[in-house]
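One-letter residues, chain by chain:
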Amino acid sequence: MTFRFVHAADLHLDSPFKGIRETDPHVADVLRRATFDAYARLIQLCLDRRADALLVAGDVFDGADRSLAAQVQFVRGLARLQDAGIRAFICHGNHDPLDGWGARIPMPSNVHQFGESAEAIAVDPQSPSGPVVCGISYPTREVRSSLLPGFPTREPGRFTIGLLHANVDASPGHEAYAPCTLADLTATGYDYWALGHVHTRTIVRDQAPMVVYPGNTQGRHPNERGPRGVYVVDVDEQGAASPAFVAVDTVRWEQLDVQIDGLHDDSALFSGLEDRVGDLLTQADGRHVVYRIGLQGRGAMHESLSRTGTIDELVTQLNATWASRDPFAFCGGVVDATRSEIDREALLDGKDFIGDFLALTDEVVRDEGLVADLRQELAPLYENARARRYLEGSLARQDDVRDLVASAEDVALGLLVDDEGGG
Ligand SMILES: [Mn+2]
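About the criteria used
- Residue positions are counted from 1 within each chain, in the order its sequence is given.
- Local features are withheld for residues below a pLDDT of 70 in this predicted model, meaning they are given only at 70 or higher, and side-chain atom pairs are given and counted only at 80 or more; totals for whole chains, interfaces and linings count all residues.
- Side-chain measures were taken over the full set of non-hydrogen atoms in the model, leaving aside hydrogen atoms and water.
- A fitted line through C-alpha atoms represents every axis, and for helices the fit uses only the stretch in contact; the resulting angles, taken between N-to-C directions, go from 0 to 180 degrees.
- The way it works is that DSSP assigns letters per residue, a run of H or I at least four long becomes a helix, a run of E at least two long becomes a strand, and they are numbered from the N terminus.
- Should an angle fall under 35 degrees it is taken as roughly parallel, and over 145 as roughly antiparallel, whereas 65 to 115 is taken as roughly perpendicular and any remaining angle as oblique.
- Contacts: residue pairs with any heavy atoms within 4.5 Å of one another.
- Ten residue types, Ala, Val, Leu, Ile, Met, Phe, Trp, Tyr, Cys and Pro, are classed as nonpolar, four, Asp, Glu, Lys and Arg, as charged, and the remainder, Gly among them, as polar.
- Strand pairing follows a simple DSSP-based rule, namely that at least 2 bridges must link the two strands.
- Here's how the labels work: a residue is buried when its accessible area is under 20% of the maximum for its type, exposed when over 50%, partly exposed in between, all with a 1.4 Å probe on protein chains only.
- The working definition used for a salt bridge is a side-chain nitrogen of Lys or Arg within 4 Å of a carboxyl oxygen of Asp or Glu.
- Domain start and stop points were drawn from an automatic or database domain assignment.
- Summed over both partners, the accessible surface that disappears when two parts come together, traced with a 1.4 Å probe, is what is meant by buried area.
- Nitrogen and oxygen atoms within 3.5 Å of one another constitute a polar contact, given that in protein one can donate a hydrogen and the other can accept it, and given that sequence-neighbouring residues count only through two side-chain atoms.
- Using a 1 Å grid laid over the protein atoms alone, points where a 1.4 Å probe fits but cannot get out form a cavity; open sets with protein on both sides within 12 Å along at least 5 of 7 lines form a pocket; any residue with an atom within 4 Å of a point counts as lining.
- Grid points are joined across faces, edges and corners, and a volume is the space filled by probe spheres set on the points.
- We define a nonpolar core as any set of buried Ala, Val, Leu, Ile, Met, Phe, Trp, Tyr and Cys residues linked to one another through side-chain atoms lying within 4.5 Å.

Let's talk about the packing of helix H1 (residues 25-48) against helix H2 (residues 68-83)
Two elements in contact, H1 and H2, have axes whose closest approach is 9 Å; the angle formed by their N-to-C orientations is 10°. Viewed along their axes, H1 and H2 adopt a mutual orientation that is roughly parallel. Residue-level inspection shows Phe36, Tyr39, Ile43, Gln44, Cys46 and Leu47 of H1 in contact with H2, the latter providing Ala69, Ala70, Gln73, Phe74, Gly77, Leu78, Arg80 and Leu81. Of the residues belonging to the contact of H1 with H2, the class tally is 10 nonpolar, three polar and one charged.

Structure (structure tokens):
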């Protein structure tokens, strides 16, 4: 027996894009189509790889009031699979529960849509020992208990896939819908759990039963960065081979973090950014890129960036160069977290609180006795199991204490200077 399936989830068709401050028409058009284009690539992948089945683990649509355009395009893609003799198995999740269906468009006969009771469906009805897909759909948006108890028991000798939209082991950052644990999934004895819901691809368990989130097919906001796609899985008598990731996204979200320390003029910052944007495009494998810039650090550039209009100007210039290319790189926003430069020597000479504070830290690190005292005082903290989790390094050497004092001075100085109106 050989069997190849494509595992996808969280298509979120017709999803609006969040976190873009302004958008030019060309970029807006690509973004509007992005979830559909990713879906088209997914269908083409199934055809090119001659898959036996496509599995979609929920959140096909973005909203319960799914758009007609999304439904029509979804069915159209499935019909292309039907023409090639490829089966499709779909379950619905919290974004597209069964009670949210608006227009009911008939599905092609190659498609099995799971209902609100779990059931086992043979991939090939003619083959009594072939692979089986067991799945269930959310009847309604809020499913707060595990859906696993309703799943059929595994038929011996048949490769069995579970298809489910669920939060395993309370994955943070995702609603606790259909919560279950990895142990629960393992206990079913299935061969592969094709999951959806967590948007970042994760192989939770890499041996039978494999437990896999493919992530969404298209990133939709600044926190869904990097390549997005699906897994292709080959199965033979030995079981499933390692899932192979294939990107199907059309637009990639990226983050450019830039330190302004040591930069002295706008043109140095700008040309540095130009280079980084070029790199982003080179690394994006032919995809469009939407990126945000995070400006950090302390330096002379802070004053210039704080002037009204400077950052808008920067974005305008970058987009003038890169946003009209094909593929484009579009700057969707800038977060300026820069701070003003600190002249420690000048502050140390000051006859104020900051000057006294710096003189004190200098005194502490010079005095072996004070360093030893401090080390003794801090030792219990470093031995405390809970505090340990938040502490880096150790206090094994006297110099570790000096490093700690230097870091503390840095933090305190930043707060003190900014508090006094320095930026
Ligand atoms: Mn989702």
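Some words on the sheet that holds strand E16 (residues 329-336)
Strand order in the open sheet made by the three strands is E14-E15-E16, with parallel pairing throughout. Each edge of the open sheet carries a strand with a single partner, namely strand E14 (251-259) and E16. Neighbouring strand axes in the sheet, compared pairwise and without regard to direction, differ in orientation by 20° on average. Here strand E15 (residues 288-296) pairs with E16 via seven bridges, running parallel. Directly across from Ile293, in E16, lies its bridge partner Val334. Sitting on the sheet, helix H4 (residues 266-283) touches E14, E15 and E16, and the angle it makes with E14 is about 150°.

Looking at the environment of Thr200
In this fold, Thr200 is placed in the loop between strand E8 (192-196) and strand E9 (202-205). Given a relative accessible area of 45%, Thr200 falls into the partly exposed group. Sequence-wise, Thr200 and Thr2 are 198 residues apart; in three dimensions their C-alpha atoms are separated by 29 Å. Aside from chain neighbours lying at most four places away, what touches Thr200 is Tyr213, Gly215 and Arg228.

Digging into the pattern of salt bridges
Scanning the entire structure with this criterion turns up 18 salt bridges. With its nearest N and O atoms 3.3 Å apart, the salt bridge here joins Arg287 to Asp285. Notably, a salt bridge pairs Arg402 with Asp399, separated by 2.9 Å at the nearest N-O pair. Residue Arg402 and its partner Asp399 are located together in helix H11 (residues 398-422), separated by three residues, close to a single helical turn. Shared partners join several salt bridges into a network, and the residues in it are Asp29, Arg32, Arg33 and Asp37.

Topic: the domain arrangement of the protein
The domain architecture assigned to the protein consists of domain 1 (3-247), domain 2 (251-336) and domain 3 (344-422). Each of domain 1 and domain 2 was reduced to a C-alpha centroid, and the two centroids are 35 Å apart. Taken together, the 25 residues of domain 1 in the interface contact 16 residues of domain 2. Of the roughly 1,700 Å² buried between domain 1 and domain 2 on both sides combined, carbon and sulfur atoms contribute 58%. One can count zero salt bridges joining domain 1 with domain 2. On inspection of domain 1 and its partner domain 2, the count reaches four residue pairs in polar contact (both at pLDDT 80 or more). Here the element with the most residues in the side of domain 1 that touches domain 2 is H1; it accounts for six residues. Residues belonging to the side of domain 1 that touches domain 2 are distributed by class as follows: nine nonpolar, eight polar and eight charged.

Some remarks on the pairing of strand E1 (residues 3-8)
Burial analysis of E1 places five of its six residues in the buried class, the great majority of the element. Relative to strand E2 (residues 53-57), E1 runs parallel, the two sharing four bridges. Within E2, the position partnered with Val6 by the bridge is Leu54.

Remarks on the layout of surface pockets
Its boundaries defined by the atoms lining it, the largest pocket holds a volume of some 290 Å³. Taken together, 18 residues form the lining of the largest pocket, with Gly173, His174, His197, His199 and Glu224 sitting closest to its centre. Here the lining of the largest pocket is composed, by residue class, of two nonpolar, 10 polar and six charged. The calculated volume of the second largest pocket comes to roughly 180 Å³. For the lining of the second largest pocket, the leading source of residues is H11, giving six residues. For the lining of the second largest pocket, the class distribution of residues is three nonpolar, two polar and five charged.

Considerations on the nonpolar core
Counting 28 residues, the largest nonpolar core has Val6, Leu11, Leu13, Leu42, Leu54, Phe74 and Leu78 as the members making the most contacts within it. Where this core is concerned, the elements lending two or more residues are E1, H1, E2, H2, strand E3 (87-91) and strand E11 (229-236). The element best represented in this core is H1, accounting for seven residues. When near neighbours in sequence (up to four residues on either side) are disregarded, Leu54 contacts Val6, Ala8, Leu42, Ile43, Cys46, Leu78, Leu81, Ile86, Arg87, Ala88 and Phe89. Judged by nonpolar contacts, the second largest core, of 24 residues, contains Val277, Val289, Leu305 and Cys331.

Comments concerning the packing of helix H8 (residues 353-366) against helix H9 (residues 368-383)
Packed helix pairs are specified by the crossing angle of their axes together with the interaxial distance, meaning the distance between the axes. Remark: H8 packs on H9, axes separated minimally by 5 Å, with the N-to-C direction vectors making an angle of 90°. If you check the angle between H8 and H9, you find them roughly perpendicular. The residues of H9 that touch H8, namely those facing Glu363, Val364, Val365 and Arg366, are Glu368, Leu370, Val371 and Leu374. Broken down by class, the residue content of the contact of H8 with H9 amounts to five nonpolar, no polar and three charged.

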